[in-house]
Structures are given as C-alpha cells and as structure tokens.
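Residue strings, one per chain:
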Amino acid sequence: MDSPGLFGLDFSCAPSQRKPLTLAHGALHGHVVRLAGVSELDTLEKWANHLGETGNFVMGCDFPFGLPRSFVDALRDHGPQDLRQCLQAPSPAHPECDRLIGALRHYCVDRAGFQALIDGWGTTWHPERAPGSKLPHRPTDQAMPGISSTSPLQTRYVPVGKMYFEGFWRLVQANVSIPAMRAGRDHAIALEAYPGFLAHELIGRRSYKNESTDHADRLVARLPILDALEAGHSRLGLRLKMTPAQRDRLAADHKGDQLDAVMCMMQAAWALVQHQQGHPLWGLPTCIDPVEGWILTA
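The notes below deal with the structure included here. Predicted, not measured: the structure shown is a model, and the values here were computed from it. (Residues numbered from 1 in each chain as written. Predicted model: local features only at pLDDT ≥ 70, side-chain atom pairs only at ≥ 80, totals over all residues. Heavy atoms only, no water.)

**Some words on helix α4 (residues 96-108)**
Its 13 residues place the ends of α4 18 Å apart at the C-alpha level, agreeing with the 18 Å of an ideal helix rising 1.5 Å per residue. Among the residues of α4, Cys97, Asp98, Leu100, Ile101, Ala103, Leu104, Arg105 and Cys108 are the ones counted as buried. Buried positions along α4 lie against α2 (69-78), α3 (81-88), α5 (111-119) and α6 (160-173). (Helix = DSSP H or I, 4+ residues; strand = E, 2+ residues; numbered from the N terminus. Expected span 1.5 Å × (residues − 1). Buried < 20%, exposed > 50% of the residue type's maximum accessible area, 1.4 Å probe, protein only. Contact = heavy atoms within 4.5 Å.)

**A closer look at helix α7 (residues 195-203)**
For α7, a buried count of seven out of nine residues is recorded, marking the element as mostly surrounded by other parts of the structure. Buried within α7 are the following residues: Pro195, Gly196, Phe197, Leu198, Ala199, Leu202 and Ile203. The secondary structure elements touched by the buried residues of α7 are α8 (216-231) and α10 (257-276). Two residues or fewer after α7 comes Gly204, characterised by a positive phi angle close to 70°.

**Remarks on the sheet that holds strand β7 (residues 239-241)**
One open sheet holds the seven strands; their spatial order is β5-β6-β4-β1-β2-β3-β7, and the pairing between them is mixed. Single-partner strands in this sheet number two, and they are β5 (176-177) and β7. The pairing of β5 with strand β6 (residues 185-192) spans two bridges and is classified as parallel. Paired with Ser177 across the two strands is Ile189, which belongs to β6. (Pairing = 2+ DSSP bridges.)

**Observations concerning the nonpolar core**
In a soluble, globular protein the nonpolar side chains are often hidden away together inside. Formed by 47 residues in total, the largest nonpolar core has its most connected members in Trp47, Phe63, Leu104, Phe168 and Leu171. Sorting elements by how many residues they give to this core places α6 first, with seven residues. Not counting chain neighbours up to four residues away, the residues in contact with Leu171 comprise Trp47, Leu51, Phe63, Phe65, Val176, Ile178, Arg182 and Ala190. Of all hydrophobic cores here, the second largest spans 43 residues; its members include Ile225, Leu226, Leu250 and Ala268. (Core = buried A, V, L, I, M, F, W, Y, C linked by side-chain atoms within 4.5 Å.)

**Topic: the environment of Ile118**
Summarising the element assignment, Ile118 is placed in helix α5. Take Ile118: its relative accessible area is 1%, and that puts it in the buried class. Sequence-wise, Ile118 and Gln85 are 33 residues apart; in three dimensions their C-alpha atoms are separated by 18 Å. For Ile118, the residues in contact, after removing those within four places along its chain, are Phe71, Lys134, Leu135, Leu153 and Thr155.

**Notes on the packing of α3 against α4**
Between two packed helices, what matters for the description is the angle formed by their axes and the separation of those axes. At a minimum axis separation of 9 Å, α3 and α4 run at an interaxial angle of 155°. Taken together, the axes of α3 and α4 lie roughly antiparallel to each other. By crossing handedness, the relation of α3 to α4 is classed as right-handed. Taken together, the residues of α4 that come into contact with α3 (itself represented by Asp82, Leu83, Cys86 and Leu87) are Arg99, Leu100, Ala103, Leu104, His106 and Tyr107. Taken together, the residues of the contact of α3 with α4 sort by class into seven nonpolar, one polar and two charged. (Axes fitted to C-alpha atoms, helices over the stretch in contact; angles between N-to-C directions. Parallel < 35°, antiparallel > 145°, perpendicular 65-115°, else oblique. Left-handed = near helix turned anticlockwise from the far one by under 90°. Nonpolar A, V, L, I, M, F, W, Y, C, P; charged D, E, K, R; others polar.)

**Details of the packing of aromatic side chains**
Under the counting rule described, the total for this entry stands at eleven aromatic pairs. Judged by centre distance (4.9 Å) and plane angle (85°), the ring pair of Tyr194 and Phe197 falls under edge-to-face. An aromatic cluster is defined as three or more aromatic residues linked by ring pairs; in this entry it consists of Phe11, Trp47, Phe63, Phe65, Phe114, Tyr164, Phe165 and Phe168. (Phe/Tyr/Trp six-rings, centres within 6.5 Å; stacked < 30°, edge-to-face > 60°.)

This is the structure we're talking about:
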C-alpha cells in the first residue's frame, strides 16, 4: 500500500468556530515529514466523519486514551450499581477499553455526568481512597523526567477527562485500531500523543502559547521549536519540511494550536518509522495496561 497519511490532532471536547479542533496533515518521506496543511473542524461530528471516511492513516491525538487503573478498579468494586454491572458483564468479544468507555457513556450520558461521577470519587462511592489521590496519574503521564501530563481525571481548568470522554468514544465508534488497546480497521491507526513532551525537550519549561494575546516572549519561544523541527534536532530523528508561508502561520498562531497539531503529527511519524522498522507496537512499550494506554515517545 501507499505510505499512510499522517495526522496530528489538537483536540477540544467542545469545539466551536472560536476554538476548533486543529488537524495537521502530511506525509513521511524517509526521515522527512512534509507538512501538507493544517485544517480546522468546528464540531466533533466533522472529526467523526473524517475518521470514518479516511483510510490508510496514522494519527497522533492530543487527549488521553485511558484512565488510571486505580480509578477503574474502584468503579468496578465500589461505583454506582448500574455502572458496576456494565463493567463486570462478561464480554470477551469487546476489549476492556471499549467496555469502559461504553459503560461510561451509557451511565453518564454527557460530559457533565462524567464530571459528576469523578467528583464523587473518594466521597460517596470510594471512601477508602487514600488522601491526596483524588486525581491520580497513569504511569505514562509521569514517565518523562521533568514533565508530567495532566491526570485524565481532571475535568476543570484543562479538562482532559472530558476530552477522553468525547474523543476516545469516537475512535471506538469509527473502529479505529489503537495499538496495545484495541484492534479495529487495519489501516486506520490512532495513537495518544502529547506535544508537551516534544516542546519540553526543545525549549524546556518556557511557555510558547497564550490564550488571550500574543506576547513577544511566546513568539520567541515558538521560533526555536520550529527551527529544531526543521533541522531534525530532536530525539524523534525526523525533519519537518514546510513552506515559508506555513512556517509563518505556525509562528503567528498565538494559541499554539497549530504548532501542537504539527508536533502530534511528528510523534505519529516517529511511530510510523518504528512500525516500518518492525516494532510490533509502533514504538510503544510491550507491557501496557489496556485501560490506561500509553503516550507516544514517553
């Protein structure tokens, strides 16, 4: 088959015209990733349609693909009765990650319901929870020295829990394959990405994006990221090829959504290289909890 298309997704659990999903797309040529463009999707339905209609792709998605095992076990043992029954029902034909998101979507109905479920963690249905462990992390969230991704149970501030609730469900509905978690369509591959890992490698803890206005220091931080990606100066071992106009657009985006999408695409390209070199799990570790998942390059 032709080389798969590469995608990188900067995700939002409630996209709109003001805050759309941002999708970078390109292709791998040897160890060079050519950026074809960056598009915006203002509804989750448009992204779901894209997943269902596109074949032969590898996509890096900036949202968690799983939840901490301690939380899932507590749900199964101490959670609301209806939810416990869904999680404990034998279903060998469905992977554990599918049963989990299906049970949560059925019981919680919407994002607000999922947030309420998490808020009850440790108060009403799991009184034995250890103090300070309300928002535990997965091992992958803290696998990189010096940086940690947000707990997938966080539903406020950066609501990555709600991103899991909306995003992972649509991957399952589109029957996308997720290495180490579920087998779906052969040539539709999604992997959990996190641009913060790559940005931290390139510029440390400097902030490169701002939600309100574009401060000069943020622009100055974005430029060395772009320089390093073009030169291939990262442990990914890949160079980003883009036009001057594309570079200017990435540099000018003060929110950093387009740059984040491109970095997710670069992580997806690294996974594709690992796969082409014979790695059975696209560069992921061999022992991964199927309800927690793993972040690319962690």
